[in-house]
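An overview of the molecular structure
One letter stands for each residue in the lines below.
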Amino acid sequence: MIIRKNNEDNLEYTNVKAVEKIIGYSFNDKKLLQRAITHSSYNVLKGNDGESYQRMEYLGDSILDFVIADELYRNYPQFDEGILSKFRANIVSREPLATIIDSSKIVDYILFDKNTVALSKKIKSDFFESIIAAIYLDSNGLKATRQFILKYLKPYITAEMKNDNYDYKSMLYEYCSAKKWTLAFETKEISGPPHDLTFTMQLIVNGEVICEATGKKKQEAEKKCSKQALIKFGEIENK
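The text that follows walks through the structure, step by step, so that each part is easy to find. Here the residue numbers are simple positions, counted from 1 along each chain's written sequence. Where totals are concerned, whole chains, interfaces and linings use all residues; where local detail is concerned, this predicted model gives features only for residues with pLDDT of at least 70, and gives and counts side-chain atom pairs only at 80 or more. Hydrogens are left out, water is left out, and the side-chain values use all remaining heavy atoms of the structure.

1. Topic: a nonpolar patch on the surface
Stated precisely, the cut-off is as follows: The patch calculation keeps residues exceeding 30% relative accessible area without a salt bridge and links them within 9 Å when they carry like charges or within 5 Å when they are nonpolar (Val, Leu, Ile, Met, Phe, Trp, Tyr). All accessibility values rest on the Shrake-Rupley procedure with a 1.4 Å probe; residue burial counts only the protein chains present in the view. Salt bridge, as used here: a side-chain nitrogen of Lys or Arg that lies within 4 Å of a carboxyl oxygen of Asp or Glu. Relative accessibility decides the category of a residue: with a 1.4 Å probe and only protein chains considered, values under 20% of the type maximum give buried, values over 50% give exposed, and everything between is partly exposed.
Together, F66, Y136, L137 and L142 give the surface a local cluster of nonpolar side chains, amounting to about 330 Å² of exposed area. Look at Y136 and you get partly exposed, because its relative accessible area is 30%.

Following this line, the structure appears as structure tokens:
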């Protein structure tokens, strides 16, 4: 597929220029970006045999994993590889990548056949990864690629570190298993009226009460206990 330069009526050229402006990167080889934002249905619609984004998405997926893994490894030494892997999986998952494609308006410039294809979250996230590959190939390196990735995903990294939705209990089980320690939760007390109970749970490691916590559900109290224990063992920071 040939891009007709300086022809504002050409859809491919117009969309490439628009995406360049959005992402703040000007391509030396604009055909790379054109391929990265082209769905196979568009080529079928136009009756040509041009390449689509899919091979580039394969490359971009690997680059994205590496850049985020590197960023987490360098900046969060307090977490082990298991926790970092969970963080990375959340950050590079379908939801945030698709959201970026929507919120940045890149979605408005994806080349596809609107009559036969609906852009699902999966497809949108794949386009984010194909653009990563396009930048990597055009710039012959990671510097510009890393800047692009972190420009959009740094807020998600920050949010991931601030949220409290981690599976502390699983983290604690993994930690204790590696140490060959026994672990158990016991109910110390149930208080309050039947419609508004409060549970006090104790965490026992190797027969010793490590901590206790309260919650409206047992699971909530156990999560709090697990977090306290991980802080005590130095596995996570007290935030």
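2. Comments concerning the nonpolar core
Note the following rule: Think of a nonpolar core as a cluster: buried Ala, Val, Leu, Ile, Met, Phe, Trp, Tyr and Cys residues, connected wherever their side-chain atoms sit within 4.5 Å. Pairs of residues are marked as contacts when any of their non-hydrogen atoms sit within 4.5 Å.
The biggest cluster of nonpolar side chains holds 69 residues, and the ones touching the most others in it are I23, I68, F128 and L203. Filtering out sequence-adjacent residues up to four positions away, I23 remains in contact with I106, I131, I135, F148, K151 and Y152.

3. Details of the state of the cysteines
We apply this condition: Cysteine sulfur atoms are paired as a disulfide whenever they come within 2.5 Å of each other.
Counted under the stated rule, the structure contains zero disulfides. C225 supplies the cysteine sulfur nearest to C211, a cysteine that is in no disulfide, at a spacing of 4.4 Å. A relative accessible area of 10% places C211 in the buried class.

4. Section: the pattern of salt bridges
As a reminder, the rule being used: Put simply, DSSP H or I for four residues or longer makes a helix, DSSP E for two residues or longer makes a strand, and each gets a number counted from the N terminus.
Using the criterion set out here, one finds 14 salt bridges in the structure. Linking K122 and D126 is a salt bridge whose minimum nitrogen-to-oxygen distance equals 2.7 Å. Taken as a pair, K122 and D126 lie in helix α7 (residues 121-139) at a separation of four residues, close to a single helical turn. For D126, a relative accessible area of 7% puts it in the buried group. Overlapping salt bridges, with partners in common, bring together D70, E71, R74, R146 and K154 in one network.

5. Digging into the pairing of strand β3 (residues 208-215)
Here is the rule we go by: Any two strands with at least two DSSP bridges between them are considered paired.
Across seven bridges, the pairing between strand β2 (residues 198-205) and β3 is antiparallel. Residue pairing across strands places F199 opposite G215, the latter belonging to β3. In this structure, the hairpin formed by β2 and β3 is closed by a connection of two residues, where N206 is found at a positive phi of approximately 50°.

6. Overview of the sheet that holds strand β1 (residues 183-191)
Applied cut-off: In this description, a line fitted to the C-alpha atoms serves as the axis of each element, helices being fitted only across the stretch in contact, and the angle between N-to-C directions of two axes falls anywhere from 0 to 180 degrees.
If you walk across this open sheet you meet the three strands as β1-β2-β3, and the pairing is antiparallel. Each edge of the open sheet is held by one strand with a lone partner, namely β1 and β3. Pairs of neighbouring strands in the sheet enclose a mean axial angle of 25°, with direction left out of account. The strands touched by helix α9 (residues 168-179) within the sheet are β1 and β2, with β1 carrying the most contacts at an inclination of about 140°. Packing against the sheet, helix α10 (residues 218-232) makes contact with β1, β2 and β3, and its axis sits at approximately 135° to β3.

From the geometry alone we can't say anything about function, so treat these as descriptive.
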